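Tertiary structure, described
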Amino acid sequence: MNFLEERIVKDGFVRPGNILKVDSFLNHQIDVSLMEEMGREFRRRFEGKGINKVLTIESSGIAIACFAAREFGVPLVFAKKSKSLNIDADTYTAEVESFTHKNTNTVIVSKKFLSPEDKVLIIDDFLANGCALKGLISIVEAAGASVEGIGIAIEKGHQQGGKMIREMGYDLCSLAIVESMDAESGEIVFRE
Ligand code: 5GP
């Protein structure tokens, strides 16, 4: 098991409804050293790809993405979940269905912060059905920038998102891939 898998087994909880709770180190309280280690891992994995921008979506991706951006020495941009109906014309937007909240958000990125020269590393905390990633990818492509890589902390491999994103040809790296998890026994099995 790698450092993240070990931490998930130690402090994660499986909740009914196919939810893995990791709020003691990732989604509410944040273990900053763990974020730093993830940032280093993403740099190792995507080094040489000319990354000049990191993109994530608020809110839980931001902490991990910060450390990835620091490793590459590049800015981090996060897509905002817009509450306003009056969306600024100078933004790229995408509709993202939330797996955990069961609602749809319009997410926005200002056109000032993405341009055709950008080689983007997309980072997020979880990959489930892939809606968040599809939204972020569409924003990068609308800006004429390129998605050079996608780094995920925890992929739920029994859901379709990872397969879909790999089949689309993106270079996806998930630090921990949960193959199965059981809310009753609490057992979590990782992909080899
Ligand atoms: P997707 O868009 O791939 O279906 O879901 C990804 C988003 O849903 C992530 O950004 C994350 O916030 C949330 N998410 C999906 N599954 C889980 C889960 O099992 N646990 C937690 N804590 N968040 C999840």
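Residues numbered from 1 in each chain as written. Predicted model: local features only at pLDDT ≥ 70, side-chain atom pairs only at ≥ 80, totals over all residues. Heavy atoms only, no water.

The next subject is the site of the ligand. Every one of the 16 residues lining the ligand counts as a neighbour, but Leu-20, Ala-128, Asn-129, Gly-130 and Lys-156 are closest to it. Contact distances for the ligand include 2.8 Å between an oxygen atom and a backbone N or O atom of Ala-132. Coverage of the ligand by the protein amounts to 89% of the 500 Å² it exposes when considered alone. Elements that contribute at least two residues to the shell around the ligand include exactly strand 2 (19-21), strand 7 (119-127) and helix 4 (131-142). Taken together, the residues of the shell around the ligand sort by class into 8 nonpolar, 5 polar and 3 charged. (Near = heavy atom within 4 Å. Polar contact = N/O pair within 3.5 Å; in protein donor to acceptor, adjacent residues only side chain to side chain. Areas by Shrake-Rupley, 256 points an atom, 1.4 Å probe, with all protein chains shown as cover. Helix = DSSP H or I, 4+ residues; strand = E, 2+ residues; numbered from the N terminus. Nonpolar A, V, L, I, M, F, W, Y, C, P; charged D, E, K, R; others polar.)

Note that His-28 resides in the loop between strand 2 and helix 2 (32-46). Taking the relative accessible area as the measure of exposure, His-28 reaches 67% and is therefore exposed. Counting along the chain gives 32 residues from His-28 to Ser-60, while the straight-line C-alpha distance between them is 8.1 Å. (Buried < 20%, exposed > 50% of the residue type's maximum accessible area, 1.4 Å probe, protein only.)

The description of two aromatic rings rests on the distance between their centres and on the angle between their planes. Applying the stated rule across the entire model yields 0 aromatic pairs. Directly above the aromatic system of Phe-99 lies the positively charged group of Lys-102, at a separation of 4.3 Å from the ring centroid. (Phe/Tyr/Trp six-rings, centres within 6.5 Å; stacked < 30°, edge-to-face > 60°. Lys NZ or Arg CZ within 6 Å of the ring centre and 35° of its normal.)

A few words now on the pairing of strand 8 (residues 146-156). Counting buried residues in strand 8 gives 10 out of 11 residues, a clear majority hidden from the surface. For strand 7 and strand 8, the ladder comprises 8 bridges, and the chain directions are parallel. Across the sheet, the residue bridging to Ile-122 is Ile-150, located in strand 8. Tracing the backbone out of strand 7, into helix 4 and back to the parallel element strand 8 gives a crossover that is right-handed. Sheet analysis places strand 8 next to strand 9 (residues 172-181), joined by 6 bridges and oriented parallel. (Pairing = 2+ DSSP bridges. Right-handed = clockwise from strand over helix to strand, strands pointing away.)

The next thing to look at is the state of the cysteines. What the rule picks out here adds up to 0 disulfides. Between Cys-66, a cysteine without a disulfide, and Cys-173, which holds the nearest cysteine sulfur, the sulfur-to-sulfur distance is 19 Å. Assessed through its relative accessible area of 40%, Cys-66 is described here as partly exposed. Taking relative accessible area as the criterion, Cys-173 reaches 11% and is therefore assigned buried. (Disulfide = S-S within 2.5 Å.)

Counting 34 residues, the largest nonpolar core has Leu-4, Ile-8, Leu-20, Met-38 and Ile-154 as the members making the most contacts within it. Of the residues forming this core, the biggest block, 7 residues, is contributed by helix 3 (residues 61-72). Every residue in contact with Leu-4, bar those within four places of it in the chain, is listed here: Phe-25, Leu-34, Met-38, Ala-153, Ile-154, Leu-175 and Ala-176. Membership of the second largest hydrophobic core comes to 26 residues, among which are Val-107, Leu-133, Ala-145 and Tyr-170. (Core = buried A, V, L, I, M, F, W, Y, C linked by side-chain atoms within 4.5 Å. Contact = heavy atoms within 4.5 Å.)

This brings us to the packing of helix 2 against helix 3. Between helix 2 and helix 3, whose axes approach to 8 Å, the crossing angle comes to 50°. Our classification of the angle between helix 2 and helix 3 gives oblique. At the point where helix 2 passes helix 3, the crossing takes the right-handed sense. The segment helix 2 lies against helix 3, with Val-32, Met-35, Glu-36, Met-38, Gly-39, Arg-40, Phe-42, Arg-43 and Phe-46 engaging Ala-63, Ile-64, Phe-67, Ala-68, Arg-70, Glu-71 and Phe-72. Split by residue class, the contact of helix 2 with helix 3 holds 10 nonpolar, 1 polar and 5 charged. (Axes fitted to C-alpha atoms, helices over the stretch in contact; angles between N-to-C directions. Parallel < 35°, antiparallel > 145°, perpendicular 65-115°, else oblique. Left-handed = near helix turned anticlockwise from the far one by under 90°.)

Turning our eyes to something else, we now look at the pairing of strand 7. Counting buried positions along strand 7 yields 8 of 9 residues, so the element is predominantly enclosed. In the sheet, strand 3 (residues 53-57) pairs with strand 7 via 3 bridges, with the strands oriented parallel. Among the inter-strand pairings, Leu-55 is bridged to a residue of strand 7, identified as Ile-122.

Let's shift gears to the pattern of salt bridges. Enumeration over the complete set of coordinates arrives at 14 salt bridges. A salt bridge links Lys-49 to Asp-171; the nearest nitrogen and oxygen atoms lie 2.7 Å apart. Here Lys-49 is found in the loop between helix 2 and strand 3, whereas its partner Asp-171 is found in the loop between helix 5 (161-167) and strand 9, with 122 residues between them in sequence. Lys-49 sits in the partly exposed class, given a relative accessible area of 27%. Connected through shared salt-bridge partners, Arg-7, Lys-10, Asp-11 and Asp-31 make up one network. (Salt bridge = Lys/Arg side-chain N within 4 Å of Asp/Glu carboxyl O.)

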